[in-house]
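Understanding the architecture of this molecule
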Amino acid sequence: MELNTLIELQAEFDRRHAGAASFYVPISKENVQDLEHLVVCMLGELGEFANVVKKVVRGDFDYDTSRPILEEELADVFIYLMKIAGQSGIDLESAFLRKLEKNEGRFSHLMVP
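A few points on the structure.

**A few points about the overall build of the chain**
Of regular secondary structure, the chain possesses four helices and zero strands. Each helix and strand of the chain, placed in order from N terminus to C terminus, yields the pattern α-α-α-α. Against the compact-globule benchmark of 13 Å for 113 residues, the chain has a radius of gyration of 17 Å, which places it well outside the compact range. When burial is assessed residue by residue, the chain has 20% of its 113 residues classed as buried. Once local pairs closer than 6 in sequence are excluded, the contacts in the chain between residues at least 24 apart make up 63%. Carbon and sulfur atoms make up 61% of the accessible area of the chain, which amounts to about 8300 Å² in all.

**Some thoughts on the nonpolar core**
With five residues, the main nonpolar core is built from Ile 27, Leu 38, Met 42, Val 77 and Ile 84. Secondary-structure elements contributing two or more residues to this core are helix 2 (32-57) and helix 3 (63-88). Not counting residues within four places of it along the chain, the set of residues in contact with Met 42 comprises Val 77, Tyr 80, Leu 81 and Ile 84.

**Overview of the layout of surface pockets**
Roughly 270 Å³ of volume is contained in the largest pocket. The wall of the largest pocket is formed by 17 residues, among which Phe 23, His 37, Leu 38, Tyr 80 and Lys 83 lie closest to the centre. Tallied by class, residues from the lining of the largest pocket come to eight nonpolar, four polar and five charged.

About the criteria used
Residues numbered from 1 in each chain as written. Predicted model: local features only at pLDDT ≥ 70, side-chain atom pairs only at ≥ 80, totals over all residues. Heavy atoms only, no water. Helix = DSSP H or I, 4+ residues; strand = E, 2+ residues; numbered from the N terminus. Rg over C-alpha atoms; globule rule 2.2 N^0.38 Å. Buried < 20%, exposed > 50% of the residue type's maximum accessible area, 1.4 Å probe, protein only. Contact = heavy atoms within 4.5 Å. Areas by Shrake-Rupley, 256 points an atom, 1.4 Å probe, with all protein chains shown as cover. Core = buried A, V, L, I, M, F, W, Y, C linked by side-chain atoms within 4.5 Å. 1 Å grid on protein atoms, 1.4 Å probe; cavity = no way out; pocket = protein on both sides within 12 Å on 5 of 7 lines; lining within 4 Å. Points joined across faces, edges and corners; volume = space filled by probe spheres on them. Nonpolar A, V, L, I, M, F, W, Y, C, P; charged D, E, K, R; others polar.

Put into structure tokens, the structure is as follows:
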């Protein structure tokens, strides 16, 4: 499945979600605070992922048994990344390909043939 399809699936889910606040709000200069909220949420999920990694490194958790938790937390980060892209109108696939091409040029001297 393509990334843009996943982003649209998430947007459809968000539009159907009935709660106190809308889960899907197109981002514009008039409501940049909604973008800020999504970024804070994504970083919170990344923090949860990092906290599990920290506990694995210091020996509290076993890596293999922690993988399902890591997978779920990383999926949460990905969900917020897709929400930010979709609600901001950013074509993440195209942006990635442009950045990859730029990085190929920047790091060409370090690339293995």
